[in-house]
Structures are given as structure tokens and as C-alpha cells.
Amino acid sequence: RIINLDKLTYAGNLENVADIAANRMRFVQGDIANRGLVENIIQEEKPWAVVNFAAESHVDRSILDSSPFLQTNIGGVQSLLEAVRHHPVSRFLHISTDEVYGDKEGEKPSTEETALLPSSPYAASKAAADLLCFSYGRTYGLPIIVTRSSNNYVPYQFPEKLIPLLIRNALQAMELPVYGDGKQIRDWLYVEDNCRGILAVLQNGSPGSIYNIGTGEERTNLEVVEAICAAIGQKTGMDLIRLRDSIRFVTDRPGHDRRYAIDTSKIRSEIG
């Protein structure tokens, strides 16, 4: 049984979980930064674990205004940690990102021991949350586990992220915007694969540990765009040349990391 606490921001939609039976999930609309609400839920429900997926996650928005990212990604995490400090659980699993390692262009993939060098305000807020979690583990003995996942793609994803934006634009015969030269490299991870990894870590991971989750497959953004064009052309009969001609290279994001790459040998060997 799951207690789902969600603020339902601009990117949230309750219909995305409509297929989960009511007796399997209790939904609470609220903010993780609301410490009283969080403490009441944990005191009432007595969960065996807390898993924090909640985050402001769009890098472009963090560049325009980092305040909501600091409030949710750091202040909200502190609220959860304080609640768990007073109402202990067996696991506190914090979902982080490979972006905390920073740009890995020309370097080896990041292991869990790699230094944190976040580039964007978003990544910095996530790195700060990771450090805050482990400080509570050290100081208060909380059973902290952190996963750092690569770029997720998912049905119903809000169309500010690359893949849903391109699909929507292509289907509506709009331009397909690509930052810079499109040669930024990412590891794209399907959400169900990520969640299988997270569940395995929740059940079998060691408190005090970090686990990278990814595919190990690296693709440039431009390769992803061309693959989407090919898939849409195949599915809809739209002209592939016309779709490719819709690609527009736009001014790159400030401080844009060229490559993210993570070593996932730890989760493969320890968790399977």
C-alpha cells in the first residue's frame, strides 16, 4: 500500500495514477515542505519506508529562477528527514540524478565515489539534498539510501522534456528545437526500468549507500531526435524527410553539460 503525497504542480496530473486501485493507494495533495502535514501522515500511516521522488526537475526553469528548486529540493527534503527523525522508518530512499556529477565529457563514467560537480541550479539543489540526507544518516542514524538515475522518459511526461516535446511537435507539424549542435550525450532510461531498480534498492540496498541506475547506452540528443522522427514516420505515414527538415538548432542552454555518463556496476553486482 502506498501513500502518495504530491503537490500537483504544473507538471502533475492525478489521471496518471487513475489505474491504481483505491485500496492500494491513498492520495494526499500537499507539499513535502509542509512539515506538519508530512509528520501527520507518517505518524498516522506508520510507513516502513519513505521514498522521495518529489522535485522541481526542469533545468531551464532552474536557470530562470532557482527559488522553487531550493524550496522543494532542499527544504522539502529537510522536512521529510525531520519527520523521519521523529517517527523512524526502516528505509529512507532519496531519488537523485546523474546530473550531480556534472559534465563528464572526455572522462570515465561516474561511479558512486565520484566527486559532485553540479553545473545547473537544479543539479546543485539535488547535490545539496544528497549531502543533507547523508548528514542526517551520520548525525541521527537515519537509514539513508540514495539512487542516482540517468534521464528518464515516460508516458504522460510533461512536454518540457526533450522526448515528449519532440513527439508532440512532430505530430502537430511544428518545429523540432534542438539545443546547440545536438551532440550532447545522455543515457536514456525508461521509467519502468528505473522503478524496478529503485524497488530492488529499497528492498535489498544497504543503508548509507548510493546506487547509480542507468542503461550504459549513450546517445547524442540528435540521434534521439532522428529516432523519434523515424518512429513517427513509421507509425503515422508522415514524410520522414519533412520531419527531419523540421529540426531547428536553437541557442544552447547556459552552462549546458555535454555528457552525462554513469558506471552502474555496483547495482548490477550488489542488487542484481
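Check the entry above for the structure.
Residues numbered from 1 in each chain as written. Predicted model: local features only at pLDDT ≥ 70, side-chain atom pairs only at ≥ 80, totals over all residues. Heavy atoms only, no water.

*Asks:* Describe the overall build of the protein, and please don't skip the residues or the numbers.
*Replies:* The helix and strand inventory of the protein stands at nine helices and twelve strands. Relative to a compact globule of 272 residues, whose C-alpha radius of gyration would be 19 Å, the protein shows 19 Å and is just as compact. Considering only residue pairs separated by 6 or more positions, the protein has 78% of its internal contacts joining residues 24 or more positions apart. In the structure as shown, the protein presents an accessible area of about 14000 Å², 51% of it carried by carbon and sulfur atoms. Charge-centre separation for the protein: the mean point of 29 positive side chains lies 3 Å from the mean point of 35 negative side chains. (Helix = DSSP H or I, 4+ residues; strand = E, 2+ residues; numbered from the N terminus. Rg over C-alpha atoms; globule rule 2.2 N^0.38 Å. Contact = heavy atoms within 4.5 Å. Areas by Shrake-Rupley, 256 points an atom, 1.4 Å probe, with all protein chains shown as cover. Lys, Arg positive; Asp, Glu negative; His and termini not counted. Charge placed at Lys NZ, Arg CZ, Asp CG, Glu CD.)

*Asks:* Describe the pattern of salt bridges, naming the residues involved and giving the relevant values.
*Replies:* Tallying each qualifying case throughout the model produces 14 salt bridges. One salt bridge in this structure joins R1 and E45, with 2.8 Å as the shortest N-O distance. Taken together, the residues R1 in the segment before β1 (2–6) and E45 in helix α1 (residues 35–45) connect sequence positions 44 residues apart. Of the charged contacts in the structure, one is a salt bridge between E107 and K104, with a shortest N-O distance of 3.1 Å. (Salt bridge = Lys/Arg side-chain N within 4 Å of Asp/Glu carboxyl O.)

*Asks:* Provide a residue-level description of the side chain of E56, including the pertinent values.
*Replies:* Among the secondary structure elements, E56 is positioned in the loop between β3 (49–52) and α2 (59–64). With no salt bridge to any partner, buried E56 finds its closest opposite charge in K7, at an N-O distance of 5.4 Å. Setting aside chain neighbours within four positions, we find E56 in contact with T9, Y10, P68, F69, T72, N73 and Y122. (Buried < 20%, exposed > 50% of the residue type's maximum accessible area, 1.4 Å probe, protein only.)

*Asks:* Could you give an account of the pairing of strand β7 (residues 176–179), naming the residues involved and the relevant values?
*Replies:* The alternating pattern of β7 places L176 and V178 on a buried face, while none of P177 and Y179, on the opposite face, is buried. The sheet contact formed by β7 and strand β12 (residues 247–250) spans four bridges and is parallel. In the sheet register, Y179 faces β12, and the bridge partner there is V250. (Pairing = 2+ DSSP bridges.)

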